[in-house]
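Geometric and topological summary
Next come the chains, spelled out residue by residue.
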Amino acid sequence: MTKKRRISPPKNKHNNKHLAWKLLKYFVLVIIAIISIGTLFIATVYVGLWGKLPTYDELRHIRNNEASILYTEDGEMIGKYYIENRTNINYKNIPTNAIDALVATEDARFYQHEGVDKISMARVFFKTFLLGKRKSGGGSTISQQLAKNLYPREEQPVNLLPIIKLKEMLIAHRLENIYTKNEILTLYLNTVYFGENTFGLESAAQKYFSVSASELNQIQAATLIGILKGPSYYNPRLHPERALHRRNTVINQMVKYNFLTEEKGELLKSQKLSLKYKSDNHYSGLAPYLRELIRQDAIKIIETYNTTHHTQYNLYKDGLILTTTLDAEMQKYAEEAIANHMPLLQQSYYNHLGKKEPWSQNPDILKNAIRNSPIYKILKDKGLNEEKIKEELNRKKTMLIYDAQKKEKQVEFSSIDSIKYYLKIFQPAIIAVNPQNGKVKVWVGGLDYKFFQYDQVTAPRQVGSVFKPIVYSAAIHNGARLDAYYSNEQRIYSEYNNWTPRNADNNYKGYYTLKGALSKSINTIAVEVLQQTGINVVIKHAHSLGITAYLPPYLSLALGVADIPLQEMVSPFMAFANNGVLMTQYYLEEIKTRDGKVIYQAPKVVGKKVLPANEAHIMSNILASVINEGTGQKLRSTYGLRNEMAGKTGTTQNQVDGWFIGYTPHLVVGVRVGANDINIHFNSLRLGQGASMALPIYGELMKRCERSSTYSHWKNISFPIPIIEETNNLKIPQFKDHLNFFDKLTNRKSNKMNRVDTDSLSHISEKKEGFFKRLFKRKKDRNN
């Protein structure tokens, strides 16, 4: 009998169940482990083991570095001082265009999430890690981007990126708990980077479109929001095609999320970028030389204030508001006048040289310029010998140089070429001051601050004949007669080493009154007037008129051998223009915080009486003849100026510098032109005199002012008519009528002459002065 084999039950079913159970158990454990590790990881980030998170209190008191802004007296912004170029604005000043563009492009669910967009995060995770699509977007919300902007990522290994992202998510969540959506948008648009060291929407709007953020239209707003994806890559100035494509992408997003209709979107996309770029670096824009001077002064003022008041204000971070006395419109006219005249003057000098060089007869001029150059000193400090230095200086390289026509150009120059080129450049300087209050209205310190930082307004230079009015004023102050005549003979002054002054035209005939001699700028008479008055007396008088520079006690002082800065040289003319009262010059009006707290207020200027009013009027009368009949006649004949003005030309020895100081009752303007090296100059008096080098800048400035409605009323303003001080208490109603009679007589006599007879005109004026002195004396005697 055969045994039946026992059949074992199948094990597969049991094993499968066991395996499934084990897998499930392991899966649950992995999930628990992941959750635990994730929770632990989040906890370590939250408590700050990977770097401290900002507290709620710190986030409530966010302060971005903000640029301090410099405004002119008439309210135009002309400069900023900053580490980060940012100007914060309020939500009400942010246009809806910009907000719509931002939300549509960067965070469409901005108003639905609380700092972290979970849907967007899931999309990024799925596309990036499961589908391997690297360009799936970052998934960061506006709040997360704000967190990143406020607390920038430092250079970290790639494996730490999750920690950084998590920190940004936690900060974003805290920001959403503290601020409203509108406040977050405001913070973001005040913080975000737009390229070219420009932060915030306001600064970007000013830079790329020359408007305030509140004035941005839809195209401009879309362009700026488009920059955010790549501030360098989508820079509209450097890469307009890329910026245009990106702008249209932003517009498409606005259509997609119903911020724009399709028709409106297509219309906007068809428009050009239309940039109106405005550079705001430290060397461009209006008045860069004065802005630098104000920067230096402001730092000292703020430091003193901080020490006294235990504060910590910072010019570069705290958004201070500075106001200068400058007149923006007049400053523009001055810079235009220089831009118009200087290229012509420079070309005239090149034509004058022909094929020669200024150092052809004197090679030491170039040798000294090379040895004094920064590049030579650097190479010398490196220990190079003369042969190696010469080899290096002659090596050609690409460099950017100043160009009179194009402002700048790229050339292949050696260092020697560059030194030769810049050695021949003439530099202008101009300052304009209101004589009635001392406010500086115009300041130009050179051709171009980018290439020439040395401020010519404050540079001491030989002043030439513009010093003569001081000599004549001292003489009149000390009793010189207006009706006296001085011989134009050439004298030898034996007590001064047989020195002999020369006239520019080598003419030594005739006799002149003070007025005639000054209007013709006759050197022999100026020296004789100085000697008769006394050198020390003239020096003391010059100091009383605001001159503080050293004045050499020699007869040549009458011809302007002293080195005096232009800023200082206008002071005596300010006293002449203001009835003998000299006001202290100033250019910084005030410094305030962004909340309106005053840190600095310019002291109230109290004028100093330095001349009797009648003497100031006499000087203005004499100096008016310079314009009407003398060396300044071009202001009438060439520039067509008709308003009342006075002034004096000046030409220094060998035509090194040309000067002109002119004034009206409300404005004193000083101009000087010359090369930095005194060996560089015209060899022709006709080309190198003040009337050719400096006066045209004054003429161009005043011509522009006359055409402007802002200053057109100057035509009707005359110099103040003083009552001679000994008779201040007398009532003489006919005084003005008699004065007008003599002025009309002077004008009529001048107009009838083909060749101006200065002495005849001066004689009339001097009769006028004598007439009034006699008239006042009779009135005074009658009252007594």
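To be clear, the structure that these remarks concern was listed above.
Below: a short report on this structure. Note that the structure is a prediction, hence the values are computed from the model and not measured.

Definitions and cut-offs
- Residues numbered from 1 in each chain as written.
- Predicted model: local features only at pLDDT ≥ 70, side-chain atom pairs only at ≥ 80, totals over all residues.
- Heavy atoms only, no water.
- Helix = DSSP H or I, 4+ residues; strand = E, 2+ residues; numbered from the N terminus.
- Buried < 20%, exposed > 50% of the residue type's maximum accessible area, 1.4 Å probe, protein only.
- Contact = heavy atoms within 4.5 Å.
- Core = buried A, V, L, I, M, F, W, Y, C linked by side-chain atoms within 4.5 Å.
- Axes fitted to C-alpha atoms, helices over the stretch in contact; angles between N-to-C directions.
- Parallel < 35°, antiparallel > 145°, perpendicular 65-115°, else oblique.
- Left-handed = near helix turned anticlockwise from the far one by under 90°.
- Nonpolar A, V, L, I, M, F, W, Y, C, P; charged D, E, K, R; others polar.
- Pairing = 2+ DSSP bridges.
- Phe/Tyr/Trp six-rings, centres within 6.5 Å; stacked < 30°, edge-to-face > 60°.
- Lys NZ or Arg CZ within 6 Å of the ring centre and 35° of its normal.
- Patch = residues over 30% accessible without salt bridge, like charges linked within 9 Å, V, L, I, M, F, W, Y side chains within 5 Å.
- Areas by Shrake-Rupley, 256 points an atom, 1.4 Å probe, with all protein chains shown as cover.
- Salt bridge = Lys/Arg side-chain N within 4 Å of Asp/Glu carboxyl O.
- Expected span 1.5 Å × (residues − 1).
- Polar contact = N/O pair within 3.5 Å; in protein donor to acceptor, adjacent residues only side chain to side chain.
- Lys, Arg positive; Asp, Glu negative; His and termini not counted.

To continue, consider the overall build of the protein chain. Per the secondary structure count, the protein chain includes 30 helices and 20 strands. Taking all 784 residues of the protein chain together, the buried fraction comes to 51%. In the protein chain, once contacts between residues fewer than 6 apart in sequence are set aside, the share between residues at least 24 apart is 69%.

Next up on the list: unusual backbone geometry. Although it is not a glycine, N258 sits at a positive phi angle of roughly 65 degrees. Among the secondary structure elements, N258 is positioned in the loop between α10 (240–256) and α11 (262–269). The exposure class assigned to N258 is exposed, which follows from its relative accessible area of 68%. In this structure, N498 takes a positive phi of about 55 degrees despite not being glycine. Its location among the elements puts N498 in the loop between β11 (486–487) and β12 (511–512).

Moving on to the nonpolar core. Core analysis: the largest hydrophobic core is formed by 148 residues, its most contacted members being L322, I430, W443, F467, M569 and L701. For M569, the residues in contact, after removing those within four places along its chain, are V463, V466, F467, I470, I547, I564, W659 and I661. Counting residues in each nonpolar core, the second largest holds 48 residues, with I94, A98, L146 and I171 among its members.

We now examine the packing of helix α18 (residues 468–477) against helix α24 (residues 613–628). Across the interface, α18 lies against α24 with an axial gap of 10 Å and an inter-helix angle of 140 degrees. Classified by the interaxial angle, the pair formed by α18 and α24 is oblique. Remark: the crossing between α18 and α24 carries right-handed chirality. Contact residues: α18 offers P469, Y472, S473, I476 and H477, while α24 offers E615, I618, M619, I622 and L623. Here the residues of the contact of α18 with α24 sort into seven nonpolar, two polar and one charged.

Let us look at the sheet that holds strand β19 (residues 657–664). The five strands are arranged β9-β8-β20-β19-β18 in an open sheet whose pairing can be described as antiparallel. Of all the strands in the sheet, just β9 (440–444) and β18 (646–651) have a single pairing partner and so form its edges. Shown here is a sheet whose adjacent strand axes are inclined to one another by a mean of 5 degrees, direction ignored. Relative to strand β20 (residues 667–675), strand β8 (residues 426–433) runs antiparallel, the two being bridged by eight bridges. Bridge assignment links I430 to a residue of β20, and that residue is V671.

Once that is clear, we can look at the packing of aromatic side chains. Evaluated as defined, the whole model comprises 23 aromatic pairs. Between the aromatic rings of F413 and Y421, the centroid separation amounts to 6.0 Å while the plane-to-plane angle is 65 degrees, which identifies the pairing as edge-to-face. We note that F413, like Y421, is buried. In textbook terms, an aromatic cluster arises when at least three aromatic residues are bridged by ring pairs, as seen for Y402, F413, Y421, Y422, F451 and F452. The lysine or arginine in question, R237, covers the ring of Y277, its NZ or CZ lying 4.9 Å from the ring centre. Over the ring of Y234 we find R246, and its NZ or CZ is 5.9 Å from the ring centre.

Attention shifts here to a nonpolar patch on the surface. On the surface, W21, L24, Y26, F27, V28, L29, V30, I31, I32, I34 and I35 cluster together into a nonpolar patch covering about 1100 Å² of accessible area. In this structure, L29 sits in helix α1 (residues 12–47). Note on L29: relative accessible area 46%, which makes it partly exposed.

Pairing is mixed across the open sheet formed by five strands, whose spatial order is β2-β1-β5-β15-β16. In the strand order of this sheet, the two ends are held by β2 (77–81) and β16 (598–601), each with one partner. Averaged over neighbouring strand pairs, the angle between their axes works out to 15 degrees when direction is ignored. As judged from the three bridges shared by strand β1 (residues 68–71) and strand β5 (residues 321–324), these two strands associate in the parallel manner.

Turning our attention to the packing of α10 against α11. Running from amino to carboxyl end, α10 crosses α11 at an angle of 175 degrees, the nearest separation of the two axes being 9 Å. Accordingly, the angle class assigned to the pair α10 and α11 is roughly antiparallel. Each of R247, N248, I251, N252 and V255 in α10 lies in contact with α11, whose residues at this interface are E262, G265, L268 and K269. Classifying every residue of the contact of α10 with α11 by side-chain character gives three nonpolar, three polar and three charged.

Under the 1.5 Å per step criterion, the end-to-end length of helix α13 (residues 328–353) is 37 Å for 26 residues, consistent within 8% with the ideal 38 Å. The opening residue of α13 is D327, an N-cap whose side-chain oxygen sits 3.1 Å from the backbone nitrogen of E329.

This brings us to the side chain of S284. Locating S284 in the fold gives a position in the loop between α11 and α12 (288–309). One polar contact links the side chain of S284 to the main-chain carbonyl oxygen of S279, over a distance of 3.3 Å. Side chain to side chain, S284 and N281 meet in a polar contact 2.8 Å long. Apart from residues no more than four positions distant in its own chain, S284 is found in contact with S279 and R291.

A few words on the pattern of salt bridges. Evaluation of the coordinates by the stated rule reveals 27 salt bridges. Residues K380 and E386 are paired through a salt bridge, measuring 2.9 Å at the closest nitrogen-oxygen approach. As a salt-bridge pair, D657 and R461 come within 2.8 Å of each other at their nearest N and O atoms. Placement of D657 in strand β19 and of R461 in strand β10 (residues 460–462) is noted, with a sequence separation of 196 residues between them. Each member of the pair, D657 as well as R461, is classed as buried. Salt bridges here are not isolated pairs; linked through shared partners, they connect E73, K439, K441 and E589.

It is worth spelling out the side chain of K468 at this point. In this structure, K468 sits in helix α18. Although buried, K468 forms no salt bridge, and the nearest oppositely charged side chain, D505, lies 9.9 Å from it. Only 3.0 Å separates the side chain of K468 from the side chain of S521, close enough to count as a polar contact. At 2.6 Å, the side chain of K468 forms a polar contact with the side chain of N523. In contact with K468, other than residues within four places in its own chain, are L518, S521, I522, N523, A526, A558, L559 and K648.

The next subject is the pairing of β19. Counting buried residues along β19, eight of its eight residues qualify, which places the element largely inside the surrounding structure. Residue alternation in β19 divides its side chains into two sets, D657, W659, I661 and Y663 and G658, F660, G662 and T664, and both sets are buried. Bridge count for β18 against β19 is six bridges, and the pairing is antiparallel. Bridging from a neighbouring strand, T649 pairs with F660 of β19. Joining the antiparallel neighbours β18 and β19 is a turn of five residues, in which N654 adopts a positive phi near 65 degrees. Inspection of the sheet shows β19 paired to β20 by eight bridges, in the antiparallel sense.

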